[in-house]
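Fold and contact review
Given next are the chains, with one letter for each unit.
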Amino acid sequence: MKKKYFLRNFFDYCKLMMIPLLLLFVACILVLVFQMQKDLKGRAQNTLTNVNTSLDFVVSNVIFQNDQLTNNSSMFSRECCC
């Protein structure tokens, strides 16, 4: 008889202890999710800045090469001396 009441009381106490543990678990998960979102936004901004810098560098090099090719027409007007 005592074993039956012991098990019943034990399970009741376990149920009561699970409520705060589950709440703590949910709170930790929420903090982790918000921290990860903040970190991902920072990484995305950094990546976007790097892509913008690289694209600007490529475009400026294309413009420079275009200016060099259009202003140095003597490179293309040489006649072959063969």
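Scroll up a little and you will see the structure.
Residues numbered from 1 in each chain as written. Predicted model: local features only at pLDDT ≥ 70, side-chain atom pairs only at ≥ 80, totals over all residues. Heavy atoms only, no water.

Topic: the overall build of the protein
Summing up its helical and strand segments, the protein has one helix and zero strands in all. Accessible surface, the protein: about 8300 Å² in total, of which carbon and sulfur atoms supply 68%. (Helix = DSSP H or I, 4+ residues; strand = E, 2+ residues; numbered from the N terminus. Areas by Shrake-Rupley, 256 points an atom, 1.4 Å probe, with all protein chains shown as cover.)

Quick word on the packing of aromatic side chains
What the rule picks out here adds up to two aromatic pairs. Between Phe6 and Phe10, the aromatic rings sit 6.2 Å apart at their centres with planes inclined by 20 degrees, giving stacked as the arrangement. Taken together, the residues Phe6 and Phe10, both in helix H1 (residues 2-71) and four residues apart, mark about one turn of the helix. We classify Phe10 as partly exposed; its relative accessible area is 42%. Through successive ring pairs, a cluster of aromatic residues spans Phe6, Phe10 and Phe11. (Phe/Tyr/Trp six-rings, centres within 6.5 Å; stacked < 30°, edge-to-face > 60°. Buried < 20%, exposed > 50% of the residue type's maximum accessible area, 1.4 Å probe, protein only.)

A closer look at a nonpolar patch on the surface
Taken together, the side chains of Phe25, Val26, Ile29, Leu30, Leu32, Val33, Phe34 and Met36 define a hydrophobic patch exposed on the protein surface, amounting to about 770 Å² of accessible area. Note on placement: Leu30 falls in helix H1. (Patch = residues over 30% accessible without salt bridge, like charges linked within 9 Å, V, L, I, M, F, W, Y side chains within 5 Å. Salt bridge = Lys/Arg side-chain N within 4 Å of Asp/Glu carboxyl O.)

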